[in-house]
Amino acid sequence: MSQPFIQVKNLCYSYQDDDGREVPVLRDLTLDIHRGEYVVILGHNGSGKSTFAKLLNMILEANSGQILIDGKDITSPDMTDDDVFALRRKIGMVFQNPDNQLVATIVEEDIAFGPENLGLPSEEIRRRVDDALEAVGMTAYAGHEPHRLSGGQKQRIAIAGIIAMQPECMIFDESTAMLDPSGRRDVIKTIETLNRERDITVIAITHYMNEAARADRVIIINDGKVAMDGTPNEIFSQGERLAQYGLDVPQGTALIHRLRERGISLDGDCTTPEQCADTICAALAGKGEK
Ligand code: ADP
């Protein structure tokens, strides 16, 4: 396999508390992420997920350990301002509150903001804005005022603003947490499309297990380290271990586990609703029912 896009080695980070004491958050975090992966990071509140995301984008700087992005050591003291700028173009971040991420009064001006700051020719800016609007399914809203849009639409505009910078990787830090179910669905669909059709590496931090169920890979952070790392099926089949880390399994998975506990024989995966339906249908078909 080629060199990982992101290599994190023995990463440590502490905050200082009000008395100036070091409070360790990340202790010896080590992981690799490959180009094109769709990775969800889970962990209980305060487990260090956001801190990790901010270290990847150099909003924070590590105390020790190493982060290599595309082979370049971003924890090196030799990183220049230009290097940091290049890193943030390569790895875009979308945060929780869409209102804090929009800067202009018209949607297309908001999306043009980043490319304008790159000093690109106006035709190139136009092309990128149109492309980004299309990528998030918001072309019809180019001339709208962002503050009149729904939360999910605003978040898709924030995503478009990042897409216009042509990143190789996007980090979503609880980007669906403030949205209603339909806004959440639209944003997740957008994230999946960016990953599957545009090959953008996705790192999504979420509390929603149904969201995690759709990723290629799930990483659990606990006690500042990687506690579990596998496919959604591998991770969610270990409900008891997840409970130790303060995490649930998706609802469909929990239902299948309850049915099995009651002695009903159900073979098959049960991470996504589709898998649960297939597993139940297979059992019913085995009994000659439809
Ligand atoms: P998560 O994203 O998993 O909820 P965070 O990375 O936000 O966790 O926070 C990890 C820990 O660091 C928490 O205990 C939090 O209280 C603490 N923390 C986060 N930001 C700061 C800060 N700016 N100053 C001091 N402590 C912080």
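Quick note: structure is the one above.
Conventions and cut-offs
- Residues numbered from 1 in each chain as written.
- Predicted model: local features only at pLDDT ≥ 70, side-chain atom pairs only at ≥ 80, totals over all residues.
- Heavy atoms only, no water.
- Pairing = 2+ DSSP bridges.
- Helix = DSSP H or I, 4+ residues; strand = E, 2+ residues; numbered from the N terminus.
- Axes fitted to C-alpha atoms, helices over the stretch in contact; angles between N-to-C directions.
- Core = buried A, V, L, I, M, F, W, Y, C linked by side-chain atoms within 4.5 Å.
- Buried < 20%, exposed > 50% of the residue type's maximum accessible area, 1.4 Å probe, protein only.
- Contact = heavy atoms within 4.5 Å.
- Near = heavy atom within 4 Å.
- Polar contact = N/O pair within 3.5 Å; in protein donor to acceptor, adjacent residues only side chain to side chain.
- Areas by Shrake-Rupley, 256 points an atom, 1.4 Å probe, with all protein chains shown as cover.
- Nonpolar A, V, L, I, M, F, W, Y, C, P; charged D, E, K, R; others polar.
- Salt bridge = Lys/Arg side-chain N within 4 Å of Asp/Glu carboxyl O.

Draft legend 1. A look at the sheet that holds strand E3 (residues 38-42). Spatial ordering of the open sheet is given by E6-E7-E8-E3-E9-E10, a layout of 6 strands whose pairing is mixed. The open sheet is flanked by strand E6 (91-94) and strand E10 (225-230), the only strands paired with a single partner. Each strand of the sheet is rotated relative to its neighbour by a mean of 20 degrees, with strand direction disregarded. Bridge count between E6 and strand E7 (residues 169-173): 4 bridges; the pairing is parallel. Among the inter-strand pairings, Gly-92 is bridged to a residue of E7, identified as Met-170.

Draft legend 2. Layout of the nonpolar core. Core analysis: the biggest nonpolar cluster contains 47 residues, and Leu-42, Ile-111, Ile-159, Met-170, Ile-220 and Phe-236 have the highest contact counts within it. For this core, the element with the most residues is helix H5 (residues 151-163), which contributes 6 residues. Sequence-distant contacts of Leu-42, defined by excluding residues within four places in its chain, comprise Lys-49, Thr-206, Met-209, Ala-212, Val-218, Ile-219, Ile-220, Ile-221, Phe-236 and Leu-247. Core analysis: the second largest hydrophobic core is formed by 32 residues, Val-8, Val-39, Met-79 and Ile-171 among them.

Draft legend 3. Spatial organisation of the pairing of strand E2 (residues 22-33). Of the strand pairs in this sheet, strand E1 (residues 6-16) and E2 are connected by 8 bridges, and their pairing is antiparallel. Considered in E2, the bridge of Leu-11 is made with Leu-29.

Draft legend 4. Main features of the site of the ligand. Neighbouring the ligand are Tyr-15, Val-25, His-44, Asn-45, Gly-46, Ser-47, Gly-48, Lys-49, Ser-50 and Thr-51. Here an oxygen atom of the ligand and a backbone polar atom of Gly-46 are 2.8 Å apart. One nitrogen or oxygen atom from the side chain of Thr-51 is found 2.5 Å from an oxygen atom belonging to the ligand. Relative to its free-state accessible area of 570 Å², the ligand is covered by the protein chains to the extent of 56%. Here the shell around the ligand takes 3 residues from helix H1 (residues 49-56), the largest share from any one element. Its residues assigned to classes, the shell around the ligand comprises 2 nonpolar, 7 polar and 1 charged.

Draft legend 5. Focus on the pattern of salt bridges. Inspection of every chain in the model, using the stated rule, returns 19 salt bridges. One salt bridge connects Asp-70 with Arg-35, and the closest N-O pair in it is separated by 2.7 Å. Note that Asp-70 is positioned in the loop between strand E4 (64-69) and strand E5 (72-73) and Arg-35 in the loop between E2 and E3, a separation of 35 residues in sequence. A relative accessible area of 46% means that Arg-35 is categorised as partly exposed. Between Arg-148 and Glu-145 there is a salt bridge, with the nearest N and O atoms lying 3.6 Å from each other. Judged by its relative accessible area of 64%, Arg-148 is exposed. A relative accessible area of 32% places Glu-145 in the partly exposed class. What you see here is one network of salt bridges that share partners, running through Arg-35, Asp-70, Lys-90 and Glu-168.

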